[in-house]
Amino acid sequence: FGLDFYRAIHRKAGNQFFSPYSLSVALAMAYGGARNQSADQMAAVLHFNLPQDKLHPAFNALDQRLNQDAQMSVREAENKPFQLDIVNSIWGQSGYPFLPEYLDLLAANYGAGLRLVDFINEAKSTRLAINQWVSDKTQEKIKDLIPEGGINEDTRLVLANAIYFKADWQYPFEKNNTADRPFHLLNGSKIDVPTMTYDRTKTLAYLKGKGFQAVELPYQGEQ
């Protein structure tokens, strides 16, 4: 799904930065309320190949594993541990008859309790409240997530997911080792771009395949 999504957006100018995990979690919460044709279409697009009764516990287990790794980093990193916070929230119209089993599924597997709001009469203030929640949970890195007009009196449910991640490299790049080097484009041409250079005395996990090379760079604490 992450690769499919990238193919859909990569033609836009500039660098692209997104979290496939964040998108998958948010849409999995919505998928939990889908049935029949809608559920089949969502599963196909998102590449969900587990039945619902196994998919959501799998997301829950993955979330717990990531949080355990973050806590391990706090205990083991010599200098700065990596910071990883994954949070979900549900904002629902007060008085709307949501199915209890759907709310239970979200609470049990995504740690998201229902926050009752009034989209009908207070759409603007509710939008600002959700945006503030996202800003707080991402150390103010994501502001104004929902644009003006993104919520109105017809809105009944908003599912929000936020991820904050910050980490230092185990072996940092030295600024004075950055210099312009040729970068080859897909059309065969090349341009000079500022290129970071790694300390060649370090041993790293490396993979070479048909048409590509990859290297794994560890964060502080070897995470």
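Please refer to the structure placed before this passage.
Below or above, wherever it landed, is the structure these notes cover. Remember, it's a predicted structure, so these values are computed and weren't measured experimentally. (Residues numbered from 1 in each chain as written. Predicted model: local features only at pLDDT ≥ 70, side-chain atom pairs only at ≥ 80, totals over all residues. Heavy atoms only, no water.)

Our focus in this paragraph is the environment of Ala26. Here Ala26 shows up in helix H2 (residues 20–31). The class for Ala26 is partly exposed, based on a relative accessible area of 22%. Sequence separation between Ala26 and Ser94 is 68 residues, and the spatial gap between their C-alpha atoms is 21 Å. Residue contacts for Ala26: discarding those within four places in its chain leaves Leu159 and Asn161. (Helix = DSSP H or I, 4+ residues; strand = E, 2+ residues; numbered from the N terminus. Buried < 20%, exposed > 50% of the residue type's maximum accessible area, 1.4 Å probe, protein only. Contact = heavy atoms within 4.5 Å.)

On to helix H6 (residues 119–137), then. For H6, which comprises 19 residues, the first-to-last C-alpha distance of 22 Å sits more than 12% below the rise-based estimate of 27 Å (1.5 Å per residue). At Ser125, H6 shows its largest bend, some 50°. Among the residues of H6, those classed as buried are Phe119, Ala123, Thr126, Arg127, Ile130, Asn131, Trp133, Val134 and Ser135. Capping of H6 at its N-terminal end is provided by Asp118; its side-chain oxygen lies 3.2 Å from the backbone amide nitrogen of Ile120. Positioned one or two residues after H6, Gln139 has a phi angle of 55°, which is positive. (Expected span 1.5 Å × (residues − 1). Bend = angle between axes of the 7 residues up to and from the residue. Polar contact = N/O pair within 3.5 Å; in protein donor to acceptor, adjacent residues only side chain to side chain.)

Helix H3 (residues 36–46) packs onto H2 with a crossing angle of 165° between their chain directions and a minimal axis gap of 11 Å. Judged by the angle between their axes, H2 and H3 are roughly antiparallel. Helix-helix and strand crossings are classified by hand; for H2 and H3 the assignment is left-handed. The segment H2 lies against H3, with Leu27, Ala30 and Tyr31 engaging Ala39, Met42, Ala43 and Leu46. Its residues assigned to classes, the contact of H2 with H3 comprises 7 nonpolar, no polar and no charged. (Axes fitted to C-alpha atoms, helices over the stretch in contact; angles between N-to-C directions. Parallel < 35°, antiparallel > 145°, perpendicular 65-115°, else oblique. Left-handed = near helix turned anticlockwise from the far one by under 90°. Nonpolar A, V, L, I, M, F, W, Y, C, P; charged D, E, K, R; others polar.)

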